[in-house]
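# Close look at the chain arrangement
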Amino acid sequence: MLEQKIICHSTSPYSAPIWVVPKKLDASGKDKWRIVVDYRKLNNITVDDKYPIPNMDEILDKLGRCLYFTTIDLAQGFHQIEMDPIDRQKTAFSTQNGHFEFLRMPFGLKNAPATFQRLMNTVLDGLIGKDCMVYLDDIVVFNTSLQEHIDSLDKVFQRLAEANLKVQPDKSEFLKQETEFLGHVITPSGIKPNPNKVVAILNYPIPKTEKEIKQFLGLAGFYRKFIQNFSKITKPLTNCLKKGNIVNNSDKEFIRAVETIKLLITKEPILAYPNYQKLFTLTTDASNVALGAVLSQNGHPICFASRTLNEHELNYSATEKELLAMVWATKYFRPYLYGRKFLINSDHRPLQWLHNLKEPNAKLQRWKIRLNEYDFDIKYIPGKENHVADALSRVKIEACNVNEVTASNVATIHSADEDSGEFIRIAERPLNVFKNQLKLIRSNQNCTNTCKIFSNNLTTITYTELTTEFIKDIIKTYLLNKNTTILMTDDDDFMQLQNIYNRLITSNRFKIYRTMKELENIEDYSAFKSKVIEIHLEGLHQGIEKVSNCFKQKYYYPNYVKEITKIINECELCNHCKNDHISNKLPFKVTPLVHVLICILNLLQLKKYQL
């Protein structure tokens, strides 16, 4: 970048964090990288540039009736615009090799999209709408005849040359009769949705169990008001959910019902074209096997998407998977969302405060920075209301061929590989379940206390000030030679500890985790039994599963499920009620001969008691 005069050495008092992230693969198939600077604080005090971003509907309407198309991508995008000398110092950033500032407009600035769109509209003034259309750094040239198309290309390239704008051939396609532009496939017969948008729904496997049927019906039923005769079509599926019925997924009616619903849900008017004057809603979800997302407006779906998790991502915590779903989905739907305010729906409540979150590990911080280029709010929705994205995330769609890598999966394939295991990971389980427990609490005095609870080692350290030497002692004593889980509620202190840990520890074969949850230990069995009976009675003699779920929300006792089972099974009232439900029917058919034998046995039993 220094050689290309995109940046220069700086003496600016400003400094922003920096990250290096991969670009999506282009036609050359070569790995390329992009520097991303975290301009959050600068963007917060920047006055908005209200220059309008083009309406995609108007662009697509003009393209659908043409015969020849050329899509042109500008090389290095925003870097082709020179920074005002007065404002260069504000873009400064630091690396190990020095302090630098941008001579060209960097990615990540709040007003960069509006500035670039103004440039393109000025350069191609008089050609837009007639020979070409432009959306940020994407240009499409369209015509009804080959000669007109060549003439239009000549005009566009002449304007770009006069403005000294460079084109990237690897990402450009010339003289096509069918091409992809802004998430749609442009053909001479008109505009149609990109098949990649609906492949997640079309690849949904035939349900094999009652649970899978309910998931599929939850996916389709959310949009039942858009499908005529929905109940009639899904009758073969709902019949399988009735008591005593068996799921027969090889039945022709069963298969036809699934395929019909899949077909209807991905066709107009279900999969509608977007209205760019209205607010977009992006609904995301992550399960243990996949990610799911739906782009919609007013509850009406526009695009579906899902992908499986790779072997590294399967080990992520729930929070990391849910945030990964957001990062992947925003990149997948970037043509719709970039430069516009939108809403993200998630059934993971902690992400509701993403903008104010001080991340506990570098992975979440890096992903949050990627999301900073978008303007969005996050809304929490209960899991039971997140039917579509939830269903998509719980179906393991077959992965694409390695040689057929697309933009939608390249965006996240690297996300696990680039993260180092040296960072302290997040554990979803409470502190109580781990062997070596370390509690770090900021207080008005310095104190260290060590004790054993249920054969687990618990060390509680209170401190008034977290100095570098103090952190080094903690790392040396508690984090070097054993698996340890840390409970530290102060995010700033934890980030300080993690930064020093990362500098000092280059390789650690022991696992270090951070947890945000601690339960109340019940060390005495009699107290444990009293608490279980109390929960059991308050819930009007709830069963073992419900009592266990209620107990584990606040309390901890080893092997609590096994012990709760014993206690519930000793309940006299529960046992009495169970006996009342025992059937009095004989396990065999009573024939006349059997009846005689029963009478003889009863007489013998009666004489025995009389004797």
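Report on the accompanying structure. Small disclaimer: the values here were computed from a predicted structure and weren't measured.

## With respect to the overall build of the protein
When helices and strands are tallied, the protein shows 21 helices and 25 strands. By the burial criterion, 44% of the 611 residues in the protein qualify as buried.

## A short note on the pattern of salt bridges
Going through the model one piece at a time under the given rule, you end up with 14 salt bridges. Salt-bridge contacts for Asp 48 lead to Lys 110; the nearest nitrogen and oxygen are separated by 2.7 Å. One end of the pair, Asp 48, is in the loop between helix H1 (40-44) and helix H2 (56-63); the other, Lys 110, is in the loop between strand S6 (98-102) and helix H3 (112-123), and 62 residues separate them in sequence. With a closest N to O distance of 3.0 Å, Asp 493 and Arg 442 form a salt bridge. Here Asp 493 is found in helix H16 (residues 491-504), whereas its partner Arg 442 is found in strand S19 (residues 436-442), with 51 residues between them in sequence. Residue Asp 493 is classed as buried on the basis of its relative accessible area, which comes to 5%. Here Arg 442 falls in the partly exposed class, since its relative accessible area comes to 41%. Taken together, the shared-partner salt bridges connect Asp 48, Lys 50 and Lys 110 into one network.

## Quick notes on the sheet that holds S6
Strand pairing in a sheet relies on backbone hydrogen bonds, with the paired strands running either antiparallel or parallel. Taken together, the three strands give an open sheet; going across it, the order is S1-S6-S5, and neighbouring strands pair in antiparallel fashion. The two strands at the open ends of the sheet, each matched to only one other strand, are strand S1 (7-9) and strand S5 (93-95). Here the average twist between neighbouring strands, direction ignored, is 40°. In this structure, S5 lies alongside S6, joined through three bridges in antiparallel fashion. Residue pairing for S6: Ser 94 is matched across the bridge by His 99.

## Considering the nonpolar core
Among the nonpolar cores identified, the biggest contains 75 residues, and Met 120, Leu 124, Ile 139, Phe 333, Tyr 336 and Leu 337 are the most heavily contacted of them. Ignoring sequence-local partners within four residues, the contact set of Ile 139 consists of Thr 70, Thr 71, Ile 72, Leu 74, Met 120, Leu 124, Cys 132, Met 133, Val 134, Leu 160 and Phe 181. Counting 19 residues, the second largest nonpolar core, distinct from the first, contains Ile 424, Leu 440, Tyr 463 and Tyr 478.

## Considerations on the sheet that holds strand S16 (residues 341-346)
Judged by pairing direction, the sheet is mixed, and its five strands sit side by side in the order S15-S14-S13-S16-S17 without closing on themselves. Edge positions in the open sheet fall to strand S15 (300-308) and strand S17 (375-380), since each of these has one partner strand only. When the angles between neighbouring strand axes are averaged without regard to direction, this sheet yields 20°. In the sheet, strand S13 (residues 280-286) pairs with strand S14 (residues 290-297) via six bridges, with the strands oriented antiparallel. Looking at the pairing, Ala 286 lines up with Leu 291 of S14.

## So, the environment of Thr 489
The residue Thr 489 is located in the loop between strand S22 (484-488) and H16 in this model. Taking the C-alpha atoms as reference points, Thr 489 and Lys 439, 50 residues apart in sequence, are found 9.1 Å from one another.

## A closer look at the packing of helix H17 (residues 525-538) against helix H18 (residues 544-552)
Two packed helices can be described by the angle between their axes and the distance between those axes. Remark: H17 packs on H18, axes separated minimally by 10 Å, with the N-to-C direction vectors making an angle of 120°. Taken together, H17 and H18 sit at an angle that is classed as oblique. Handedness of the H17/H18 crossing: right-handed. Packed against H17, whose contacting residues are Phe 528, Lys 531, Val 532, Ile 535 and His 536, the element H18 presents Val 547, Cys 550 and Phe 551 at the interface. Residue composition of the contact of H17 with H18, by class: six nonpolar, one polar and one charged.

## With respect to the environment of Phe 116
Tracing the sequence through the fold places Phe 116 in helix H3. Among the residues examined, Phe 116 registers a relative accessible area of 0% and is labelled buried. Considered as a pair, Phe 116 and Ile 53 are 63 residues apart in the sequence and their alpha carbons are 9.8 Å apart. Discounting chain neighbours no more than four positions away, the residues touching Phe 116 are Leu 74, Gly 77, Phe 78, Ile 81, Met 105, Leu 136 and Asp 137.

## Digging into the environment of Cys 132
Its place among the elements puts Cys 132 in strand S7 (residues 132-135). Separated by 21 residues in the primary sequence, Cys 132 and Leu 153 place their C-alpha atoms 8.7 Å from one another. The residues contacting Cys 132, other than those within four sequence positions of it, are Leu 124, Leu 127, Ile 139, Val 140, Val 141, Phe 142 and Val 156.

## Here's the deal with the pairing of S19
Of all seven residues in S19, five are buried; the element is thus mostly enclosed. Looking at chain direction, S19 and strand S21 (residues 456-463) are connected through seven bridges and run parallel. Bridged to Leu 440 within S21 is Ile 461.

Rules and cut-offs
- Residues numbered from 1 in each chain as written.
- Predicted model: local features only at pLDDT ≥ 70, side-chain atom pairs only at ≥ 80, totals over all residues.
- Heavy atoms only, no water.
- Helix = DSSP H or I, 4+ residues; strand = E, 2+ residues; numbered from the N terminus.
- Buried < 20%, exposed > 50% of the residue type's maximum accessible area, 1.4 Å probe, protein only.
- Salt bridge = Lys/Arg side-chain N within 4 Å of Asp/Glu carboxyl O.
- Pairing = 2+ DSSP bridges.
- Axes fitted to C-alpha atoms, helices over the stretch in contact; angles between N-to-C directions.
- Core = buried A, V, L, I, M, F, W, Y, C linked by side-chain atoms within 4.5 Å.
- Contact = heavy atoms within 4.5 Å.
- Parallel < 35°, antiparallel > 145°, perpendicular 65-115°, else oblique.
- Left-handed = near helix turned anticlockwise from the far one by under 90°.
- Nonpolar A, V, L, I, M, F, W, Y, C, P; charged D, E, K, R; others polar.

Geometry only, nothing functional implied.
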